Amino acid sequence: MNKLQYIFLLLPMLFLIFACEEVGPAINLETEVTTPQDTTTNNEVQRTVLLEEFTGVRCANCPAGAELAQQLANESGGRVVIISIHSSGAFAIPYSGEVDFRTPQGDKIENLLGKASGYPSAAINRNLFDGEQTPIVTSTSWSKYITNQLEEAPTVDIELTATLNNGIIEVSCALNILEDIAEDVKLSVVVVEDEIVSPQNVNSVKVDDYVHQHVFRTMLTPFDGELLTTGVLAGDQLNKSYQLTEISTTWNTNKLSLVAFVHGNGSSGVYQVVKAKL
């Protein structure tokens, strides 16, 4: 075999050797450093609505209002939080020998919002809707106003925890601001009790074993809320803790929940509300 033939035979072999050489992935030995960001957005948080029902044990029509409020809460998928405030004047006077559901804070809240003209009535997110004289409106308007509020984007996300330790209720609230708020930011925290069996006037008949739900018991903040700050920016976080050291012996702690809501002054509206079982 001459030299030229030898070269022609060798060239294909060299081609196969180099063609089969595996080229590995490029490796970047430099570490990319990023700053953690708060990724919570108002697209991930559902708007919730506060329904403050003003009622009384001697109000014959109020049980129908309570049923409607619960129905609307159920239909919302849990996005409506109910507080039942027994402050309806003579209608709230307890029956003889029964627990008094009236509270000084409840009366002040009703006065703050403009006093109900009739019962059952409720404030929906404490908003003053077009055509209404006060934020407290009759039950015929509850559904449309709740729908109106649920369609709005949330401006605040609330993380609420409530525990009972050695006879003390401890509450922690973390507020994550989703949109800028130029006004006062206030926080209200309410204790409510469910499944209280006590007499109620139902369609002019006294029902001794009526089950009361969402009953306003007391507040861990002033009746008109605690001012946290004025003006916040999206991405800000506010934290607040409370303790309740005096628990009434008439309360069933197994049926207690805490309701926390962020709002402005008076009837300027509720930004967000959340409820947590104790």
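Structure: see above.
Since the structure is predicted, the reported quantities are computational estimates derived from the model, not experimental observations. (Residues numbered from 1 in each chain as written. Predicted model: local features only at pLDDT ≥ 70, side-chain atom pairs only at ≥ 80, totals over all residues. Heavy atoms only, no water.)

### Structural notes on unusual backbone geometry
This is how the line gets drawn: Numbering of helices and strands starts at the N terminus; helices are DSSP runs of H or I of at least 4 residues and strands are runs of E of at least 2. For the exposure calls, accessible area comes from a 1.4 Å probe over protein chains only, and a residue counts as buried if that area is under 20% of its type's maximum, exposed if over 50%, partly exposed in between.
In this model, Tyr 119 is joined to Pro 120 through a cis peptide bond whose omega is 5 degrees. With respect to the helices, strands and loops of the structure, Pro 120 is situated in the loop between helix H3 (104-113) and strand E3 (121-124). The backbone phi angle of Asn 203 is positive, close to 50 degrees, even though this residue is not glycine. Structurally, Asn 203 is set in the loop between strand E9 (200-202) and strand E10 (205-207). Take Asn 203: its relative accessible area is 57%, and that puts it in the exposed class.

### Brief notes about the sheet that holds strand E14 (residues 237-244)
To summarise the sheet geometry, strands pair through backbone hydrogen bonds and adopt either a parallel or an antiparallel arrangement. Inclusion rule: Any two strands between which DSSP finds at least two bridges are classified as paired. To define axes, lines are fitted to C-alpha atoms, for helices over the stretch in contact only, and angles between the resulting N-to-C directions are given on a 0 to 180 degree scale.
One open sheet holds the three strands; their spatial order is E5-E6-E14, and the pairing between them is antiparallel. Single-partner strands in this sheet number two, and they are strand E5 (156-165) and E14. Across the sheet, the axes of successive neighbouring strands diverge by a mean angle of 15 degrees, strand direction being ignored.

### Points about the nonpolar core
For clarity, the cut-off: The term nonpolar core refers to a set of buried residues drawn from Ala, Val, Leu, Ile, Met, Phe, Trp, Tyr and Cys, joined through side-chain atoms within 4.5 Å. Any two residues having at least one pair of non-hydrogen atoms within 4.5 Å are treated as being in contact.
Core analysis: the biggest nonpolar cluster contains 25 residues, and Val 156, Val 171, Cys 173, Val 189, Leu 220, Leu 258 and Val 262 have the highest contact counts within it. If you list the elements that add at least two residues to this core, you get E5, strand E6 (168-177), strand E7 (181-193), E14, strand E15 (256-263) and strand E16 (270-277). Setting aside residues no more than four positions away along its own chain, Leu 258 makes contact with Leu 160, Ala 162, Ile 169, Val 171, Val 189, Val 190, Val 191, Leu 220, Val 274, Lys 275, Ala 276 and Leu 278. Counting 21 residues, the second largest nonpolar core, distinct from the first, contains Val 81, Val 190, Met 219 and Val 259.

### Focus: the side chain of Glu 53
In plain terms, the rule: Positive charges come from Lys and Arg alone, negative charges from Asp and Glu alone, with His and the N- and C-terminal ends not counted. The term salt bridge refers to a side-chain nitrogen of Lys or Arg lying within 4 Å of a carboxyl oxygen of Asp or Glu. Pairing of N or O atoms within 3.5 Å defines a polar contact, subject to two protein rules: one partner must be a possible hydrogen donor and the other a possible acceptor, and residues neighboring in sequence count only if both atoms are side-chain atoms.
Note that Glu 53 resides in strand E1 (residues 49-55). Buried charged residue Glu 53 carries no salt bridge. Nearest counter-charge: Lys 275, at 11 Å. Separated by 2.6 Å, the side chains of Glu 53 and Ser 84 make a polar contact. Ignoring anything within four residues of it in the chain, the contact list for Glu 53 reads Cys 62, Gly 65, Ala 66, Ile 82, Ile 83, Ser 84, Ile 85, Ser 121 and Ala 122.

### Points about the pattern of salt bridges
Once their charged atoms are close, side chains differing in charge can pair, the charge on each being opposite to the other. With the rule as written, the count across this model stands at nine salt bridges. Between Arg 47 and Glu 152 there is a salt bridge, with the nearest N and O atoms lying 3.2 Å from each other. In this pair, Arg 47 sits in the loop between helix H1 (3-19) and E1 while Glu 152 sits in the loop between helix H4 (142-150) and E5, placing the two residues 105 residues apart along the sequence. Residue classification places Arg 47 among the buried positions, given a relative accessible area of 5%. In this structure Glu 152 comes out as partly exposed when scored by relative accessible area, which is 38%. The partner of Lys 206 in a salt bridge is Asp 208, and the shortest N-O contact between them spans 3.6 Å. On the basis of relative accessible area, Asp 208 is assigned to the exposed category, the value being 51%.

### Notes on the packing of helix H2 (residues 62-75) against H4
In a packed pair of helices, the relevant descriptors are the angle between the two axes and the axis-to-axis distance. Rules: Roughly parallel here means an angle under 35 degrees, roughly antiparallel means over 145, roughly perpendicular means 65 to 115, and every remaining angle is called oblique. Should the near helix be turned counterclockwise from the far one by less than a right angle, the crossing is left-handed, whereas a clockwise turn marks it as right-handed.
Remark: H2 packs on H4, axes separated minimally by 11 Å, with the N-to-C direction vectors making an angle of 30 degrees. If you check the angle between H2 and H4, you find them roughly parallel. Every pair of crossing elements has a handedness; the one defined by H2 and H4 is right-handed. Here Gly 65, Leu 68, Ala 69 and Leu 72 of H2 lie close against H4, whose contacting residues are Trp 142, Ser 143 and Ile 146.

### Description of the state of the cysteines
Working definition: the covalent bond between the sulfur atoms of two cysteines is a disulfide. As a reminder of what qualifies: Cysteine sulfur atoms are paired as a disulfide whenever they come within 2.5 Å of each other.
One pass over the structure, following the stated rule, counts one disulfide. Note that Cys 59 is cross-linked by a disulfide to Cys 62, the S-S spacing being 2.2 Å. Residues Cys 59 and Cys 62 share a disulfide whose torsion about the S-S bond is about 80 degrees; that sign makes it right-handed. Across the pair, exposure class does not vary: Cys 59 and Cys 62 are buried alike.

### Re the packing of aromatic side chains
Our working definition: Pairing of aromatic rings covers Phe, Tyr and Trp, the last through its six-membered ring, and needs centres within 6.5 Å; plane angles under 30 degrees mean stacked, over 60 mean edge-to-face, and all others mean tilted. Counted as over-ring charges are cases with an Arg CZ or a Lys NZ within 6 Å of the ring centre that also lie within 35 degrees of the ring normal.
Overall, the coordinates contain two aromatic pairs when judged by the stated rule. Look at Phe 91 and Tyr 119: their rings are 5.9 Å apart centre to centre, the planes differ by 75 degrees, and that puts the pair in the edge-to-face class. Here Phe 91, found in the loop between strand E2 (80-86) and H3, pairs with Tyr 119, found in the loop between H3 and E3; they are 28 residues apart in sequence, far enough to count as distant. A residue is classified by how much of its surface remains accessible, and Phe 91, at 38% relative accessible area, is partly exposed. For Tyr 119, a relative accessible area of 17% corresponds to the buried category. Both rings, one in Phe 129 and one in Tyr 145, keep their centres 3.9 Å apart while their planes meet at 0 degrees; by these two values the pair is stacked. Linking Phe 129 in the loop between E3 and strand E4 (136-138) with Tyr 145 in helix H4, this pair joins segments that are 16 residues apart in sequence. Tyr 145 matches Phe 129 in its accessibility class, with the two residues each being buried. Lying over the aromatic face of Tyr 95, Arg 58 brings its terminal NZ or CZ to 4.2 Å of the ring centre.

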